[in-house]
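Reading the structure
Chain by chain, the residues:
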Amino acid sequence: VASQGYAIYALLTGPAFLAGGVVANWLSSLLAGPIVFAMFALVLLLFPDGRPLSSRWRAVVWLDLAAIALIFAFAFKPGSLDTSLLYADNPFGIEGAGALLEVLGITGIFLALAAAATGGVSLVLRLRRSSGVERQQLKWFAFAGGIFCAVFATGPLLWTLPPSSGLNSIWTVLF
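Residues numbered from 1 in each chain as written. Predicted model: local features only at pLDDT ≥ 70, side-chain atom pairs only at ≥ 80, totals over all residues. Heavy atoms only, no water.

Per-residue confidence for the protein gives a mean pLDDT of 86, with 93% of residues at or over 70. When the elements of the protein are averaged for pLDDT, helix α7 (residues 170–174) gives the smallest value, 72, and helix α4 (residues 58–74) the largest, 95. (pLDDT = per-residue confidence, 0-100. Helix = DSSP H or I, 4+ residues; strand = E, 2+ residues; numbered from the N terminus.)

Structure, rendered in structure tokens:
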């Protein structure tokens with residue numbers, strides 16, 4: 001969010017005033033996309049003690065790390081960046097590698113989805129095997145995750161309301 005704010009300010013006031021606006025825009029595009037989802041999958045796999053459920057689960061952690069690397073490679077795809085307010089070309093785009101980077105990015109997204117689903121299974125198994133403090137941590141994590149999912153699910157409904165109702169601004173507060 002900070003890099004996006006800096007990029008908007010730097011690029012709209014002019015590059016003569018603030019340096020690095022283009023790089024901040026690229027960083028904002030990288031960190032606001034699927035790579036965040038892949039990193040969240042890593043949290044699911046390692047919560048609450050920072051270790052996989054067992055040694056067999058290390059393969060899923062490596063799968064998610066591979067997904068993060070593939071999604072990072074996608075950040076070097078030439079063309080325009082997917083940022084919300086600025087329309088700018090990728091300053092680090094590798095010409096001629098667009099098709100390959102597109103395939104790598106899509107592969108990374110599917111790997112991240114698989115790792116996230118497996119991470120959810122990992123949390124359920126941890127909850128079934130846990131006791132004491134670890135069990136309470138998992139319950140609080142599930143509670144917060146449920147609230148997040150409920151808020152996220154109400155977003156499309158709130159966005160369809162007319163701006164004059166004032167209810168669509170509740171999304172920002174809830175999120």
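Attention now moves to the pattern of salt bridges. Taken as a whole and judged by the stated rule, the model has four salt bridges. Residues Asp49 and Arg51 are paired through a salt bridge, measuring 3.4 Å at the closest nitrogen-oxygen approach. Between Glu134 and Arg126 there is a salt bridge, with the nearest N and O atoms lying 3.9 Å from each other. Overlapping salt bridges bring together Asp49, Arg51, Arg126 and Glu134 as one network. (Salt bridge = Lys/Arg side-chain N within 4 Å of Asp/Glu carboxyl O.)

Attention shifts here to the nonpolar core. Among the nonpolar cores identified, the biggest contains 10 residues, and these are Trp26, Leu30, Ile35, Ala38, Ala67, Ile68, Ile71, Ala75, Leu81 and Ala112. Within the residue set of this core, elements represented by two or more residues are α2 (21–31), α3 (34–46) and α4. Per element, the largest residue contribution to this core is three residues, and it comes from α4. If you look at the next biggest cluster of nonpolar residues, it comprises six residues, including Leu42, Leu45, Trp57 and Val60. (Core = buried A, V, L, I, M, F, W, Y, C linked by side-chain atoms within 4.5 Å. Buried < 20%, exposed > 50% of the residue type's maximum accessible area, 1.4 Å probe, protein only.)

Our focus in this paragraph is the layout of surface pockets. For the largest pocket, the calculated volume is near 420 Å³. Lining the largest pocket we find 11 residues, and of these Phe37, Phe40, Gly145, Phe148 and Cys149 sit closest to its centre. Listing elements by their share of the lining of the largest pocket, those giving two or more residues are α3 and α6 (132–160). In terms of residue count, α6 provides more of the lining of the largest pocket than any other element does, six residues in total. Along the lines of polarity and charge, the residues of the lining of the largest pocket split into 10 nonpolar, one polar and no charged. (1 Å grid on protein atoms, 1.4 Å probe; cavity = no way out; pocket = protein on both sides within 12 Å on 5 of 7 lines; lining within 4 Å. Points joined across faces, edges and corners; volume = space filled by probe spheres on them. Nonpolar A, V, L, I, M, F, W, Y, C, P; charged D, E, K, R; others polar.)

Once that is clear, we can look at unusual backbone geometry. A negative phi angle characterises most non-glycine residues, just as the trans form characterises most peptide bonds. Across the junction of Phe47 and Pro48, the peptide omega takes the value 0 degrees, indicating a cis bond. Along the chain, Pro48 falls in the loop between α3 and α4.

This part covers the packing of aromatic side chains. For the structure on display, the rule yields six aromatic pairs. With a centroid separation of 4.8 Å and an interplanar angle of 70 degrees, the aromatic rings of Trp26 and Phe92 are classed as edge-to-face. Of this pair, Trp26 sits in helix α2 while Phe92 sits in the loop between α4 and α5 (98–129), and the two are 66 residues apart along the sequence. With a relative accessible area of 34%, Phe92 lands in the partly exposed category. Their ring planes at 80 degrees and their centres at 5.3 Å tell us that Phe72 and Phe76 sit as a pair that is edge-to-face. Residue classification places Phe72 among the partly exposed residues on the basis of a relative accessible area of 35%. With relative accessibility at 21%, the residue Phe76 sits in the partly exposed group. One aromatic cluster is present, formed by Trp26, Phe72, Phe76 and Phe92 through successive ring pairs. (Phe/Tyr/Trp six-rings, centres within 6.5 Å; stacked < 30°, edge-to-face > 60°.)

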